[in-house]
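As a plain string of letters, each chain reads:
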Amino acid sequence: MGRRRTIDRDKVLDAAEAVVNSVGAAGLTIDAVAKASGITKGGVQYCFGNKDGLIDAMMQRWFDEFDAAVTAEGGDDPDPIKAMRAHAAVTARMNTADNARTSGMMAALLQREEHMAKNRAWYRARLDGLDLSTEEGRRARMVFLATEGVFLLRGFGFLEMEDAEWQDMFADILKLLPERDRA
């Protein structure tokens, strides 16, 4: 009796991201991911069920990675202002490749209403908890909107910028919120 072969889900997700980045969201198929990861279509389906399951897993992995980085930056239970500062700081550290990776995935993820709903919920959660009756809360909202605006403009290629310009923009964005000591 032979040893049962296991499939590394993260490697399959890496292959799916590579497919999106190389041929675009329209090219994300079970077959393309199977070929890119060196497994059968059945292997991809075993891991994710179907294309929607694959996209859900890609999205969840991105959310988890980003949220872990924000937690590392801002602490386990930051107040909303500190959380927004951490969100902007983590985004500021993205390089061109990270930005392209994430934007390419977003293009794939936004093709269906179910995926849009998850994305909307993730974004809404970033704004919930801000006290918009305060100047600080309104500034934090603007930090979020500026952060995501710059991220999307660069990621989708609407605004070309070198890393130095990216860092300069985030230095200005982060000046909108006060520094807070780490917990």
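Predicted model, so just to flag it, every value in this text is computed and none were measured.

Caption draft 1: The overall build of the protein, seen in detail. When helices and strands are counted, the protein shows 9 helices and 0 strands. Considering the protein as a whole, with its 183 residues, one finds that 39% of them fall into the buried category. In the protein, of all internal contacts separated by at least 6 residues, the share reaching a separation of at least 24 is 67%. Counting only carbon and sulfur atoms, one obtains 54% of the accessible surface of the protein, whose full area is about 10,200 Å².

Caption draft 2: Summary view of the confidence of the model for the protein. Looking at the protein as a whole, the pLDDT averages 86, with 89% of positions reaching at least 70. Looking across the protein, the model is least confident in helix H6 (residues 96–109), with a mean pLDDT of 68, and most confident in helix H2 (residues 30–37), with 95.

Caption draft 3: Representation of a nonpolar patch on the surface. Taken together, the side chains of Leu 153, Phe 156, Phe 158 and Leu 159 present a nonpolar region at the surface, about 380 Å² in accessible area. Among the structural elements, Phe 158 can be located in the loop between helix H8 (135–155) and helix H9 (163–174).

Caption draft 4: The arrangement of the packing of aromatic side chains in detail. Per the stated rule, a full pass over the model turns up 8 aromatic pairs. Relative to Phe 170, the ring of Trp 166 lies with its centre 4.8 Å away and its plane at 55°, an arrangement referred to as tilted. Of this pair, Trp 166 and Phe 170 are both found in helix H9, 4 residues apart, which corresponds to roughly one turn of the helix. Accessibility classification places Trp 166 together with Phe 170 in one group, the buried group. Taking NZ or CZ as reference, Arg 126 lies 3.9 Å from the ring centre of Trp 122, over its face. Lying across the ring of Trp 166, Arg 154 places its NZ or CZ 4.4 Å from the centre.

Caption draft 5: Seen up close, helix H7 (residues 113–127). The terminal C-alpha atoms of H7, which comprises 15 residues, lie 21 Å apart, in line with the 21 Å expected from a rise of 1.5 Å per residue. Regarding H7, the residues found buried are His 115, Asn 119, Trp 122, Tyr 123, Arg 126 and Leu 127. Down the axis of H7, the smallest arc covering the buried residues is 145°, so these residues share one side. Once H7 ends, the next one or two residues include Gly 129, with phi positive near 95°.

Caption draft 6: H9, seen in detail. The end-to-end C-alpha distance of H9 is 16 Å, a good match for the 16 Å that 12 residues give at a rise of 1.5 Å each. Turning to H9, its buried residues number three or more, namely Trp 166, Phe 170, Ile 173 and Leu 174. Along the long axis of H9, the arc covered by the buried residues comes to 90°, so they all point the same way.

Conventions adopted
- Residues numbered from 1 in each chain as written.
- Predicted model: local features only at pLDDT ≥ 70, side-chain atom pairs only at ≥ 80, totals over all residues.
- Heavy atoms only, no water.
- Helix = DSSP H or I, 4+ residues; strand = E, 2+ residues; numbered from the N terminus.
- Buried < 20%, exposed > 50% of the residue type's maximum accessible area, 1.4 Å probe, protein only.
- Contact = heavy atoms within 4.5 Å.
- Areas by Shrake-Rupley, 256 points an atom, 1.4 Å probe, with all protein chains shown as cover.
- pLDDT = per-residue confidence, 0-100.
- Patch = residues over 30% accessible without salt bridge, like charges linked within 9 Å, V, L, I, M, F, W, Y side chains within 5 Å.
- Salt bridge = Lys/Arg side-chain N within 4 Å of Asp/Glu carboxyl O.
- Phe/Tyr/Trp six-rings, centres within 6.5 Å; stacked < 30°, edge-to-face > 60°.
- Lys NZ or Arg CZ within 6 Å of the ring centre and 35° of its normal.
- Expected span 1.5 Å × (residues − 1).
- Arc of directions from axis to C-beta.

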